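Chain residues, written in single-letter form:
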Amino acid sequence: GRGYLISIHGNAGKGTGFEVFTSPGETKSDKMATLMCKEIMRMFPEIAFRADHSDGDPDKEAPFYVLTKTRCPAMLTENGFFDRKKDVKKMIKPAFQKKVAEAHFNAILRIEREL
């Protein structure tokens, strides 16, 4: 009934910053992802957030298996890029990892309250 999936990742591909993905099209996942995006941007204003507003919300869309083959709403977060030295230096620090976890926790609380 009320379940959803959040897949938490580190990225690669010569970018930097944060991204949140949902499956293509307008789904229940988009509202959840918007709350996640807002929380990440609030907690990490100094780090780039790679948004795609072309469909009216900040998440990016991709046909990732974990997003398209799940029966519940699903999102995938990318929290830094492993192929960028500057990002890796942040990503390996326990304080950064704790803050990423906190952002996800806060977003989950908002999802539970608001959706």
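For every chain, the first residue of the written sequence is number 1, and numbering continues from 1 along that sequence. Two thresholds apply to this predicted model, a pLDDT of at least 70 for residue-level local features and 80 or more for giving and counting side-chain atom pairs, whereas whole-chain, interface and lining totals are computed over all residues. The side-chain numbers reported here are obtained from all heavy atoms of the structure, hydrogens and water having been left aside.

1. Focus: the overall build of the chain
Turning to step 1, where the next piece is worked out: Numbered from the N terminus, helices here are DSSP runs of H or I no shorter than four residues, and strands are runs of E no shorter than two. Scanning the chain for helices and strands turns up four helices and four strands.
Turning to step 2, where the next piece is worked out: Reading the chain from its N terminus to its C terminus gives the helix and strand order β-β-α-β-α-β-α-α.
Turning to step 3, where the next piece is worked out: The C-alpha radius of gyration of the chain comes to 14 Å, within 12% of the 13 Å expected for a compact globule of 115 residues.
Turning to step 4, where the next piece is worked out: For the C-alpha atoms alone, the extent of the chain along its principal axes is close to 40 × 30 × 25 Å.
Turning to step 5, where the next piece is worked out: Buried, partly exposed and exposed residues are distinguished by accessible area as a fraction of the type maximum, computed with a 1.4 Å probe on protein chains only: under 20%, between the cut-offs, and over 50%, respectively. Burial statistics for the chain: of 115 residues in total, 43% are counted as buried.
Turning to step 6, where the next piece is worked out: Working rule for contacts: check all heavy atoms of both residues, and any pair within 4.5 Å makes them a contact. Contacts spanning at least 24 positions in sequence make up 79% of the contacts within the chain whose residues lie at least 6 apart.
Turning to step 7, where the next piece is worked out: All accessible areas in this document rest on Shrake-Rupley with a 1.4 Å probe, and a residue is counted as covered only by the protein chains that are shown. Split by element, the accessible area of the chain, about 6700 Å² in all, is 57% carbon and sulfur.
Turning to step 8, where the next piece is worked out: When charges are counted, neither His nor the chain ends are considered; positive counts come from Lys and Arg and negative counts from Asp and Glu. For the purpose of locating charges, the reference atoms are NZ of Lys, CZ of Arg, CG of Asp and CD of Glu. A gap of 6 Å separates the mean positions of the 20 positive and 16 negative side-chain charges of the chain. Here the radius of gyration uses the C-alpha set of atoms, whereas the globule reference equals 2.2 Å times the residue count to the power 0.38.

2. Description of the nonpolar core
Turning to step 1, where the next piece is worked out: Formed by 19 residues in total, the largest nonpolar core has its most connected members in Phe-18, Val-20, Ile-40, Phe-44, Met-75 and Phe-96.
Turning to step 2, where the next piece is worked out: Broken down by secondary-structure element, the contributors of at least two residues to this core are β2 (18-22), α1 (28-43) and α4 (94-114).
Turning to step 3, where the next piece is worked out: Examining the composition of this core, we find that seven residues originate from one element, α1, more than from any other.
Turning to step 4, where the next piece is worked out: Once you skip the residues sitting within four places of it in the chain, Phe-44 turns out to touch Phe-18, Phe-96, Lys-99, Val-100 and Ala-103.
Turning to step 5, where the next piece is worked out: The term nonpolar core refers to a set of buried residues drawn from Ala, Val, Leu, Ile, Met, Phe, Trp, Tyr and Cys, joined through side-chain atoms within 4.5 Å. Listed in part, the five residues of the second largest apolar core include Phe-21, Ala-62, Leu-67 and Ala-74.

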